[in-house]
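# Report on the structure
Residues per chain are reported as follows:
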Amino acid sequence: MVCLALSACIVLAALWAENAAAPKAKAVEIAQGADATGADTMAESSDSSNSDTDTTADATSDTSASSTPAEAQNESVTLDSTNFSDPACVGADPGALRISPDGATAYIVSNGSEVCAVDIPDFTTTHTATLPGDSLGIEGGVTLSTDGTRLFVATTAGIAVIDTASYAVTTLDLVTSNYVVTRDGSTLYAVVQSGGTWQIDTVDVAGGGITSQPVVFQEGADPSVVNPLIVSDDGVTVIADAQYDSAEHILAIEPSTGSSTHLAVAAVSYIGCASPDGTKVYVPDSSVSNVLEVNANSREVGVISVDSQARIVSMALSADGSRLAVGTSTGAHLYDAASGAKVRDLAANEPDAYVSPDGQYLMSVSVGGDGAAGGAGAASGAAGLTMLDVSRSASDSGTTVQTGQVYYDGVGAGGDVEVRGVAFAPDGSAMYVLATGDASSGASSNTGASSSTGASSTTSDSVGRLIRIDLNGFSDASTAAQKSSSSKTLPLIIALVVVGCALIAGSIWIRRRLASAESAKR
């Protein structure tokens, strides 16, 4: 029993010693230089902004002296992927990608007049719909209703509405990309100019009826652009961004009357993002140093304090709305979207473009180098193919970045390749990347589904590819790392236990010999 107790103590001591010996990330201070490239046209006194906002959502941490972790450790992983092409839409200059709520279908909108529905499990085109005109080629002009029943595409002939059950196409008599839709896709709200006057149109999607109201601006002057961002659940309020020469105003517009209420002064709303349910929008404030959270249902505006010495340049929200990643001119930060509290600073080379659906990981995808250069995922016969680098790091803690490479094997491989769209499977098991290349450079590949483990020599005029990337490779790598660590730790623990038992046994033997000698003397 004594041996077992002492062995347990030795095991715990060994584990503690190993943890204490692990290297700690050294924090370094973020440079505090102000961004000299700040947009002067968006400047307005902070008093006008602060008087209109509720600061109850302010982060509790002081970011004026925030720090970022040391450079993250890089770890290579192997990722499986599949390239898919369909000349009807993926090959014909792909423009936008949307994934159905159940994760079973990918909708690909070309920059021409085609929309393809691709079955995710089989990677085959199940339906193709023809638009009434060419897509306007604007990312914001493509909207999938939250319930997945309707896909809206802004075209040169009006807004096309595709029923995702029947794939029937109807056209709304509105040529604009400035619109928002309700969760069920039954009502569309558009802000357009008619005769020099801004008006908000309420459209019954099923019946096609349109009701219009002139928008009345409290500022007393008409803005140059009005862009609707989100709509409340009851359809009573549309949150819009009105752009003036000196600033951008966030307005609450009532479609039934056209009246507007000023909520806050913002800036560069195009780098903002909306919550998954479409009832909240996050945009930089007038200083471009904090984030405004605007709620369409309550019309309340909260402020997430970011960095008074930096300028916000990017934002990304997880699909569950739990985590908000904010990139600034001096560093990147991660926030809890519900409380506004900062979770942590991000190392300079951590992924920062996307947040996984559950908010647990930061992700990025970028065009890498030539396959001939080797690296994770490189295979024989891959020379000349362009690689996409896919990276992941834990969102809440840790500084290890895992990076894998996958192939883009379309026309232009080895030349200029552009990522047109990125989406996740709802369960986070896969990432879908819509990419296209310069058809004048590089050899082409096949026109159907192909494994990423090598190049195909079949000639094709297709330009784009939809690439499915299996993200389970990241989990496997983490598991392997844990097993490797365990395999190194276990022998040490066993050795310590054996030594401990030997010492105890030796101590007991010596004590008995001494006791025996003492008895013999008596």
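No experiment lies behind these values; they were computed from the predicted model shown. (Residues numbered from 1 in each chain as written. Predicted model: local features only at pLDDT ≥ 70, side-chain atom pairs only at ≥ 80, totals over all residues. Heavy atoms only, no water.)

Each helix and strand in the chain was counted, giving three helices and 36 strands. Partitioning the contacts of the chain with sequence separation of at least 6, the portion at a separation of at least 24 is 54%. Accessible surface, the chain as shown: approximately 23,000 Å² in total, 52% of it carbon and sulfur. (Helix = DSSP H or I, 4+ residues; strand = E, 2+ residues; numbered from the N terminus. Contact = heavy atoms within 4.5 Å. Areas by Shrake-Rupley, 256 points an atom, 1.4 Å probe, with all protein chains shown as cover.)

To continue, consider empty space enclosed by the protein. Counted according to the given criterion, the structure contains one cavity of 30 Å³ or more. Looking at the largest cavity, its volume works out to about 40 Å³. The wall of the largest cavity is formed by Tyr-107, Val-115, Cys-116, Ala-117, Ala-129, Leu-151, Ile-162, Thr-164 and Tyr-167. By residue number, the principal contributor to the lining of the largest cavity is strand 7 (residues 114-119), which donates three residues. When its residues are assigned to classes, the lining of the largest cavity shows eight nonpolar, one polar and no charged. (1 Å grid on protein atoms, 1.4 Å probe; cavity = no way out; pocket = protein on both sides within 12 Å on 5 of 7 lines; lining within 4 Å. Points joined across faces, edges and corners; volume = space filled by probe spheres on them. Nonpolar A, V, L, I, M, F, W, Y, C, P; charged D, E, K, R; others polar.)

This part covers the packing of aromatic side chains. Under the definition given, this model contains two aromatic pairs. Their ring planes at 50° and their centres at 6.4 Å tell us that Phe-152 and Tyr-179 sit as a pair that is tilted. Here the residue Phe-152 occupies a position in strand 10 (residues 150-155), and Tyr-179 occupies one in strand 13 (residues 179-181), the gap between them amounting to 27 residues. Residue class for Phe-152 comes out buried when judged on its relative accessible area of 0%. Taking NZ or CZ as reference, Arg-392 lies 3.7 Å from the ring centre of Tyr-361, over its face. (Phe/Tyr/Trp six-rings, centres within 6.5 Å; stacked < 30°, edge-to-face > 60°. Buried < 20%, exposed > 50% of the residue type's maximum accessible area, 1.4 Å probe, protein only. Lys NZ or Arg CZ within 6 Å of the ring centre and 35° of its normal.)

Right, let's talk about the side chain of Asp-241 for a bit. Inspection of the secondary structure puts Asp-241 in strand 18 (residues 238-243). It is Arg-311 that comes nearest to the buried, bridge-free Asp-241 among opposite-charge side chains, at 13 Å. At a separation of 3.3 Å, a polar atom in the side chain of Asp-241 contacts the side chain of Gln-243. (Lys, Arg positive; Asp, Glu negative; His and termini not counted. Salt bridge = Lys/Arg side-chain N within 4 Å of Asp/Glu carboxyl O. Polar contact = N/O pair within 3.5 Å; in protein donor to acceptor, adjacent residues only side chain to side chain.)

Okay, the sheet that holds strand 16 (residues 210-214) next. Here four strands make up an open sheet; going across it, the order is 13-14-15-16 and the pairing antiparallel. The open sheet has two edge strands, strand 13 and strand 16, and neither has a second partner. Ignoring which end each strand starts from, the neighbouring axes of this sheet average 20° apart. Bridge count between strand 15 (residues 197-204) and strand 16: five bridges; the pairing is antiparallel. Considered in strand 16, the bridge of Gln-199 is made with Pro-214. (Pairing = 2+ DSSP bridges. Axes fitted to C-alpha atoms, helices over the stretch in contact; angles between N-to-C directions.)

Where strand 6 (residues 105-110) lies against strand 7, five bridges are found, and the strand directions are antiparallel. Residue pairing across strands places Ala-106 opposite Val-118, the latter belonging to strand 7. What sits between strand 6 and strand 7 in their antiparallel hairpin is a turn of three residues. By the bridge criterion, six bridges tie strand 7 to strand 8 (residues 124-130) in an arrangement that is antiparallel. Across the sheet, the residue bridging to Cys-116 is Thr-128, located in strand 8.

Attention shifts here to the sheet that holds strand 21 (residues 273-274). Adjacent strands of a sheet form backbone hydrogen bonds with each other and so pair up, either parallel or antiparallel. What the four strands build is an open sheet, ordered 21-22-23-24; its pairing is antiparallel. The strands lining the two open edges of the sheet, one partner per strand, are strand 21 and strand 24 (301-305). Across five bridges, strand 22 (residues 280-284) lies against strand 23 (residues 290-295) in antiparallel orientation. Residue pairing for strand 23: Val-283 is matched across the bridge by Leu-292.

Scanning the model with the defined rule gives one disulfide in all. For Cys-89, the disulfide goes to Cys-116, at an S-S distance of 2.0 Å. On the sign convention where negative means left-handed, the S-S torsion of about -125° between Cys-89 and Cys-116 marks this disulfide as left-handed. One end of the pair, Cys-89, is in the loop between strand 4 (81-84) and strand 5 (94-99); the other, Cys-116, is in strand 7, and 27 residues separate them in sequence. Of the two residues, Cys-89 and Cys-116, both sit in the buried class. (Disulfide = S-S within 2.5 Å.)

Another aspect to go through is the nonpolar core. Ranked by internal contacts, the top residues of the largest apolar core, which has 18 residues, are Val-390, Met-431, Val-433 and Ile-469. Where this core is concerned, the elements lending two or more residues are strand 30 (361-370), strand 31 (386-394), strand 32 (400-408), strand 33 (417-424), strand 34 (430-437) and strand 36 (464-470). Setting aside its immediate chain neighbours within four residues, Ile-469 contacts Leu-79, Asp-80, Ser-81, Val-390, Val-406, Ser-429, Ala-430, Met-431 and Val-433. Membership of the second largest hydrophobic core comes to 17 residues, among which are Leu-97, Val-118, Phe-123 and Ala-430. (Core = buried A, V, L, I, M, F, W, Y, C linked by side-chain atoms within 4.5 Å.)

For the chain, per-residue confidence averages 77 on the pLDDT scale, and 70% of positions sit at 70 or higher. The low-confidence segment residues 440-461 (pLDDT under 50) makes 57 contacts with residues lying over four places distant or belonging to another chain. In the predicted structure, residues 480-488 sits below a pLDDT of 50 and forms three contacts with residues beyond four places in sequence or in another chain. (pLDDT = per-residue confidence, 0-100.)

This part takes up the pattern of salt bridges. Taken as a whole and assessed by the stated rule, the structure comprises 10 salt bridges. A salt bridge links Asp-277 to Arg-183; its shortest N-O distance comes to 3.7 Å. With Asp-277 in the loop between strand 21 and strand 22 and Arg-183 in the loop between strand 13 and strand 14 (187-194), this residue pair connects regions lying 94 residues apart in the sequence. Look at Asp-277 and you get partly exposed, because its relative accessible area is 31%. The residue Arg-323 makes a salt bridge to Asp-336 at a minimum N-O spacing of 2.9 Å. Of this pair, Arg-323 sits in strand 26 (residues 323-328) while Asp-336 is found in strand 27 (residues 332-336), placing the two residues 13 residues apart along the sequence. What you see here is one network of salt bridges that share partners, running through Asp-93, Glu-418 and Arg-420.

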